[in-house]
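# Summary of structural features
Listed below are the residues making up each chain.
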Amino acid sequence: MHYEPNLDAIQELKVLASNYEAEFGRNSGGTVTVVTKSGTRDFHGSALWNHRHEEFNANNWLNNHSLTSAGTAQPVPRYRYNIETYTIGGPAFIPKLFNKERKKLFFFWSQEYTGQFVSGGTQTKYTPTALERAGDFSQTFANNGSLVVVTDPQTGAPFPGNKIPLARADQVGLSMLNFFPLPNFTGVGNQANVVNYFEAASATHPRRNDVLRVDTYITSKINGYFRWINDHDDMIALYQGVQFSSDVGGKLGTTGIAPIDHPNPGHGYSGTVVAAITPTLINEFTIGESWNTWAYYSTDAYKTEDRSLIPNLPALFPIPTQNPSGVSVTNGYLNLLPQFQFGSPPSNSMSYTRNQTSAGNEENFNSIWTYSDNVTKIVRSHTLKAGAYIEYNTKLQPGSNPYSGSFNFSPDANNAILNTGNGYANAYLGYVDVYQQATARATFNVAYWNAEFYVQDNWKVNRRLTLDYGVRFYHQPSQNDMNHTFSNFFPSQYSASSAPRIYVPGTSGGKRVAIDPGNGAIAPVAYIGLY
């Protein structure tokens, strides 16, 4: 939703569950209609304050059983609300000069502030231990207590003592393991050996809502109103593709990933004019516009996610140049870390899976203009109604293409050449199961519109029977791709001879290999499926 009126600005609420009239089309499910308050001949106002605090809450079971290094229970996550609201409404007049009888012009104003400090969630993960970062997996156990065997792909046999020689370490993979914090927790019960890191953090989410409505009665037959609703919404988002934060306890720390500033503001304004053409014929016309954005920004200028944190990162394609300002507007690029994840085992492994937008690299806009006109005619026991609705939308949203790359070290039984059976061990050796990278970042930017109209009748047959019947029509053209990012497949333009070749499976000397179907060249089995 682009905006929401605060509770004290609402005069009337109607919920239509199903079988509603044609006037309330456009939706296949339930429909909620809201009427906001208006001013009256007398001045009225209100004020209130609502407060919540974690000191009123009991701790949860997990926190009580997840002990800190001091042997005490994890604290209650911070959970705080402060909501302040006030309203005022009445006539707009100048004594003895304008609207002196207080019948022509009225106003209503409401504002609500929400100060929010709530939990961003609880992380229970298995982070690489100090031994594992040194290639020693002799103390790496599964949940049932059995040793997780690490196999040397070069020999097909387990590493002696389940320890990888230091000389075999891949510095890029090792840097990825060292990117994560060390263990801070000892799991018990069903968390034994699969959870060694615990974190719970809270963050702020301040909001403000403004509602202004002005009503006017121009003549006895013509009246109307103007309404403006504005939502200010700015959330600090934790754990967006990462499992540890530098904002633990609401205080920005020196380690961990900086949280994301996630503003989501919106506003809408509209004007309505109602004309009583005759006592039985009424016309209502409304024009309105609404807008919102869904954006992400780094709170530390990307310092904790800069690509330089892991030196010598390989890439299929060069990373596009960053915008001079360092802030993305549409197709801007940032020098971000690639994604990297490790699969299972180990269970509950750490990962860094920020996409290229929620890492602080997106501004997403949506604007909607609406026009509607409804005509009502009373004919004896019939209430006839007809209307038209036109809507024009624009939508801009950058894609989340991983232009910085994406490494996956997951154990893969189909990859006998580059698989140890443990994701952290694969990374230690530099054995990548899947790598992906986009060459560029597309920005979805479209405009589209739709037109609808309806006719209906409410017929009171008698005191015990009323019939509602009507029909609604829709016309929805296709979207207009203003950035030319849409694509499709045209069989007539396909040429098999110019298509990239893909290695196919085959055998050589009784062993499974990859074969280039163009020239028959033999390659390692891991090449199967690659260009």
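Being a predicted model, the structure only gives us computed values, none of them experimental. (Residues numbered from 1 in each chain as written. Predicted model: local features only at pLDDT ≥ 70, side-chain atom pairs only at ≥ 80, totals over all residues. Heavy atoms only, no water.)

Counted according to the given criterion, the structure contains 26 aromatic pairs. With 6.2 Å between their ring centres and 20° between their planes, Y126 and Y424 make a pair best called stacked. Taken as a pair, Y126 in the loop between β5 (105–125) and β6 (151–152) and Y424 in helix α3 (residues 423–429) lie far apart in primary sequence, 298 residues in all. Residue classification places Y424 among the buried positions, given a relative accessible area of 1%. Geometrically, the ring pair formed by F180 and F340 is edge-to-face, given 5.8 Å between the ring centres and 70° between the ring planes. Separated by 160 residues along the polypeptide, F180 in the loop between α2 (171–178) and β8 (197–204) and F340 in strand β15 (residues 339–341) bring together distant segments of the chain. F180 sits in the buried class, given a relative accessible area of 2%. Residue classification places F340 among the buried positions, given a relative accessible area of 0%. Taken together through their ring pairs, the aromatic side chains of Y126, F179, F180, F244, F340, F342, Y352, F407, F409, Y424 and Y435 make up a single cluster. The aromatic ring of Y81 is capped on one face by R52, whose charged end is 4.3 Å from the ring centroid. The lysine or arginine in question, R102, covers the ring of F93, its NZ or CZ lying 5.9 Å from the ring centre. (Phe/Tyr/Trp six-rings, centres within 6.5 Å; stacked < 30°, edge-to-face > 60°. Helix = DSSP H or I, 4+ residues; strand = E, 2+ residues; numbered from the N terminus. Buried < 20%, exposed > 50% of the residue type's maximum accessible area, 1.4 Å probe, protein only. Lys NZ or Arg CZ within 6 Å of the ring centre and 35° of its normal.)

Counting residues in hydrophobic clusters, the biggest one holds 31 residues, and the most contacted among them are I164, M176, F179, F180, F340 and F342. Elements represented by at least two residues in this core include exactly α2 and α3. If one sorts the elements of this core by residue count, α3 sits on top with 5 residues. Not counting chain neighbours up to four residues away, the residues in contact with M176 comprise I310, L313, F340, F407 and F409. Grouped together as the second largest cluster of nonpolar side chains are 5 residues, Y302, L334, L336 and Y403 included. (Core = buried A, V, L, I, M, F, W, Y, C linked by side-chain atoms within 4.5 Å. Contact = heavy atoms within 4.5 Å.)

Let's shift gears to the sheet that holds strand β27 (residues 522–523). Taken in spatial order, the 3 strands make up an open sheet running β25-β26-β27, and their pairing is antiparallel. If you trace the sheet from one side to the other, it starts and ends with β25 (504–508) and β27, each paired once. Note that strand β26 (residues 511–515) and β27 share 2 bridges and pair antiparallel. Counted as the bridge partner of I515 is I522 from β27. (Pairing = 2+ DSSP bridges.)

What follows is about α2. Among the residues making up α2, those that are buried are V172, G173, L174, M176 and L177. Two to three positions downstream of the cap, the backbone nitrogen of V172 sits 3.2 Å from a side-chain oxygen, assigning the N-cap of α2 to D170. (Polar contact = N/O pair within 3.5 Å; in protein donor to acceptor, adjacent residues only side chain to side chain.)

A contiguous nonpolar surface patch, about 800 Å² in accessible area, is contributed by F226, Y269, F285, I287, W369, Y371, I390, Y392 and W449. Counting only elements with at least two residues in the nonpolar patch, the list comes to β13 (281–293), β18 (365–379) and β19 (382–398). Along the chain, I390 turns up in strand β19. With a relative accessible area of 41%, I390 lands in the partly exposed category. (Patch = residues over 30% accessible without salt bridge, like charges linked within 9 Å, V, L, I, M, F, W, Y side chains within 5 Å. Areas by Shrake-Rupley, 256 points an atom, 1.4 Å probe, with all protein chains shown as cover. Salt bridge = Lys/Arg side-chain N within 4 Å of Asp/Glu carboxyl O.)

As a further point, take the environment of Y469. Mapped onto the secondary structure, Y469 falls in strand β23 (residues 465–475). On the accessibility criterion, Y469 (41% relative accessible area) is partly exposed. Taking C-alpha positions, Y469 is 6.8 Å from N458, a pair spaced 11 residues apart along the chain. Apart from residues no more than four positions distant in its own chain, Y469 is found in contact with H382, Q456, D457 and W459. A polar side-chain atom of Y469 sits 2.5 Å from a polar atom in the side chain of D457.

The 4 strands lie next to each other as β16-β15-β20-β21, forming an open sheet whose pairing is mixed. The sheet is open, and its two borders are formed by β16 (351–352) and β21 (434–436), each paired with just one other strand. Sheet topology places strand β20 (residues 406–408) next to β21; 3 bridges connect them, and they run antiparallel. Residue pairing across strands places F407 opposite Y435, the latter belonging to β21.

This part is about the side chain of D8. Of note, D8 is situated in the segment before β1 (10–16). The side chain of D8 sits in the buried core without any salt bridge; K37 is the nearest counter-charge, 5.5 Å away. (Lys, Arg positive; Asp, Glu negative; His and termini not counted.)

Our focus in this paragraph is the pattern of salt bridges. Applying the stated criterion across every chain yields a total of 9 salt bridges. A salt bridge links E54 to R80, with the nearest nitrogen and oxygen atoms 2.7 Å apart. Of this pair, E54 sits in the loop between β3 (44–52) and α1 (61–65) while R80 sits in strand β4 (residues 80–91), placing them 26 residues apart in sequence. Of the residues examined, E54 reaches a relative accessible area of 12% and is grouped as buried. The partner of R168 in a salt bridge is D152, and the shortest N-O contact between them spans 3.0 Å. Taken together, the residues span a long stretch of sequence, with R168 in the loop between β7 (157–158) and α2 and D152 in strand β6 at a distance of 16 residues.

Limitation: the analysis is restricted to geometry and does not speak to function.
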